[in-house]
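# Inside the fold
The primary structure of each chain is shown beneath.
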Amino acid sequence: MTLLEAAPTPTGTTQTLSMAAAFNRALADAMAADERVLMFGEDVGALGGVFRITDGLTARFGETRCFDTPLAESGIVGMAVGMAMNGMIPVVEMQFDAFAYPAFEQVVSHVAKMGNRTQGAVRLPIVIRIPYGGGIGGVEHHCDSSEAYYVHTPGLTVVAPATPQDAYSLLRAAIEFPDPVVVLEPKKLYWSKGEVDTSLTAEIGQARVVREGTDGTLIAYGTSVQVALDAATAAEEEGRSLQVVDVRTLTPFDDATVMAAVKSTGRAVVIAEASGFASVAAEIAARVGERCFEYLEAPVRRVTGFDVPFAPPKLEKFYLPDVDRVLDAVDSLHWVD
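A short tour of the structure in this document, coming up. (Residues numbered from 1 in each chain as written. Predicted model: local features only at pLDDT ≥ 70, side-chain atom pairs only at ≥ 80, totals over all residues. Heavy atoms only, no water.)

This part covers the layout of surface pockets. Looking at the largest pocket, its volume works out to about 540 Å³. Forming the walls of the largest pocket are 25 residues, and the residues nearest its centre are Ser145, Ser146, Tyr149, Ala274 and Ser275. The set of elements that each furnish at least two residues to the lining of the largest pocket consists of α7 (147–151), β13 (268–275) and α11 (280–291). With four residues, α7 is the single largest residue contributor to the lining of the largest pocket. (1 Å grid on protein atoms, 1.4 Å probe; cavity = no way out; pocket = protein on both sides within 12 Å on 5 of 7 lines; lining within 4 Å. Points joined across faces, edges and corners; volume = space filled by probe spheres on them. Helix = DSSP H or I, 4+ residues; strand = E, 2+ residues; numbered from the N terminus.)

This is the structure we're talking about:
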């Protein structure tokens, strides 16, 4: 049974889906709604992708709408640029996070800059899907958290869903967006399940408070949101009430929601898998420090991956942020008990 066959209900109903199935459903619904939407990349056709995100799309829409490409990431993105300039809406898959690096010149020099270069005359509605992050026991080049490269590039919008609902809604929003969007798909969560309502839309650039709390704010995105929620549950047993904010969109960043959350508690911890130096977590911490200084009871803490290449499978549990490291950071927030 393909993912498409497993999710046959009409738009507007709620059902339990894995994150993989939610991404698949979003692609299928977008392709059905607009014939300009194309899906292509390495092994996305008959195989349905390494993680089966494109399962069934070629069978349903044909080889001209969902097709395999050569193993040439730069060529994949370059072709998407040409297609977008000529009225199509290309969605491309970078098979793994680090596999996208050969395409980086195309992304930075053309995808991100075409709108500015032409003073808005040429817009590129391209979606670049990138499975990212660890937690799957992958080897080097298969578990990078490369979000800082894309967030640092003006002209790119970057989203990082943490739930099946956001996987569906944010991918649909990205495909409908008039400018290029990088969708970071947390591969560790592909088979996590949740309720998905296909009638719900997501607003790019909108963070969300996913757990209320009064003693401190945990700020996270992608795979780290669940770590934050687990830490908040554990902290509750110790008598501390922790709020959790899911950033959802890395750029444009939702300062209003995040800063309001931090101001309400006076303490903040930022959680992310990527290495900490010059990272998205570092930028969030800096923004909080600048905008919430007079509200803070303690310095903003970060819990991130270490500043080393991603660990081999047997050691990745020591590299990735976990509940204990988050609680240690919370304990350092100048408490007076």
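Now that the structure has been shown, we can carry on.
For the rest of this paragraph, the subject is the pairing of strand β2 (residues 37–41). With respect to burial, β2 is a largely interior element, five of its five residues being buried. Residues of β2 alternate between two faces, with Val37, Met39 and Gly41 on one and Leu38 and Phe40 on the opposite face, all of them buried. Pairing geometry for β2 and strand β4 (residues 89–93), over five bridges, is parallel. Its bridge partner being in β4, methionine 39 is matched across the sheet by valine 91. Of the pairings in the sheet, the one linking β2 to strand β3 (residues 66–68) comprises three bridges and is parallel in character. (Buried < 20%, exposed > 50% of the residue type's maximum accessible area, 1.4 Å probe, protein only. Pairing = 2+ DSSP bridges.)

Let us look at the nonpolar core. Met94, Ile219 and Val288 are the most contacted members of the largest nonpolar core, which has 50 residues in total. Of all the secondary structure elements, the ones that give two or more residues to this core are β2, α4 (73–85), α5 (104–111), β5 (127–132), β7 (181–186), α10 (255–265), β13 and α11. Not counting the four nearest positions on each side in its chain, valine 288 is found in contact with Ile219, Val258, Met259, Val262, Ala268, Phe293, Leu296 and Val300. Counting 38 residues, the second largest nonpolar core, distinct from the first, contains Met19, Met31, Leu57 and Val181. (Core = buried A, V, L, I, M, F, W, Y, C linked by side-chain atoms within 4.5 Å. Contact = heavy atoms within 4.5 Å.)

To continue, consider the sheet that holds β3. Read across the open sheet, the seven strands follow the order β3-β2-β4-β5-β7-β6-β12; overall the sheet is mixed. Each having just a single partner strand, β3 and β12 (249–251) make up the two edges of the open sheet. Averaged over all pairs of adjacent strands, the angle between their axes in this sheet comes to 20 degrees, without regard to strand direction. Across the face of the sheet, helix α2 (residues 19–33) comes into contact with β2, β3, β4, β5 and β7 while running at roughly 135 degrees to β2. (Axes fitted to C-alpha atoms, helices over the stretch in contact; angles between N-to-C directions.)

Our focus in this paragraph is the sheet that holds strand β11 (residues 242–246). With mixed pairing, the five strands of this open sheet are ordered in space as β9-β11-β10-β13-β14. Edge positions in the sheet fall to β9 (208–211) and β14 (301–305), since each has one partner strand and no second. Taken pair by pair, the neighbouring strands of this sheet meet at an average axis angle of 25 degrees, ignoring direction. Pairing geometry for β13 and β14, over four bridges, is parallel. The residue of β14 that forms the bridge with serine 275 is glycine 305. Packed on one face of the sheet, α10 meets β9, β10 (216–220), β11 and β13 and runs near 155 degrees to β10. Contacting β10, β11, β13 and β14, helix α13 (residues 323–331) crosses the sheet at an angle of about 160 degrees to β14.

Once that is clear, we can look at the packing of aromatic side chains. All told, the structure shown has 10 aromatic pairs when counted by the stated rule. Measuring from ring centre to ring centre gives 6.2 Å for phenylalanine 23 and tyrosine 190, while their planes differ by 85 degrees; the resulting arrangement is edge-to-face. Residue phenylalanine 23 is located in helix α2, and its partner tyrosine 190 is located in the loop between β7 and β8 (193–197); the two are separated by 167 residues in the primary sequence. A residue is classified by how much of its surface remains accessible, and phenylalanine 23, at 0% relative accessible area, is buried. Residue class for tyrosine 190 comes out buried when judged on its relative accessible area of 0%. (Phe/Tyr/Trp six-rings, centres within 6.5 Å; stacked < 30°, edge-to-face > 60°.)

Moving on: the packing of helix α9 (residues 224–237) against α13. Look at α9 against α13: their axes get within 9 Å of each other, and the N-to-C directions meet at 60 degrees. By the angle between their directions, the pair α9 and α13 is classed as oblique. Remark: the crossing between α9 and α13 carries right-handed chirality. On α13, the residues that touch Val227, Asp230, Ala231, Ala234 and Ala235 of α9 are Val323, Val326 and Leu327. Taken together, the residues that form the contact of α9 with α13 break down as seven nonpolar, no polar and one charged. (Parallel < 35°, antiparallel > 145°, perpendicular 65-115°, else oblique. Left-handed = near helix turned anticlockwise from the far one by under 90°. Nonpolar A, V, L, I, M, F, W, Y, C, P; charged D, E, K, R; others polar.)

The omega angle of the peptide bond from threonine 251 to proline 252 is 0 degrees, so this bond is cis rather than trans. Looking at where proline 252 falls in the secondary structure, it is placed in the loop between β12 and α10. For glutamine 119, which is not a glycine, the phi torsion comes out positive at approximately 55 degrees. Assignment of secondary structure puts glutamine 119 in the loop between α6 (114–117) and β5. Residue glutamine 119 is classed as exposed on the basis of its relative accessible area of 77%.

With respect to the secondary-structure elements, arginine 240 resides in the loop between α9 and β11. The buried category is assigned to arginine 240, whose relative accessible area is 15%. A distance of 2.7 Å separates a polar atom in the side chain of arginine 240 from a polar atom in the side chain of aspartate 331. (Polar contact = N/O pair within 3.5 Å; in protein donor to acceptor, adjacent residues only side chain to side chain.)

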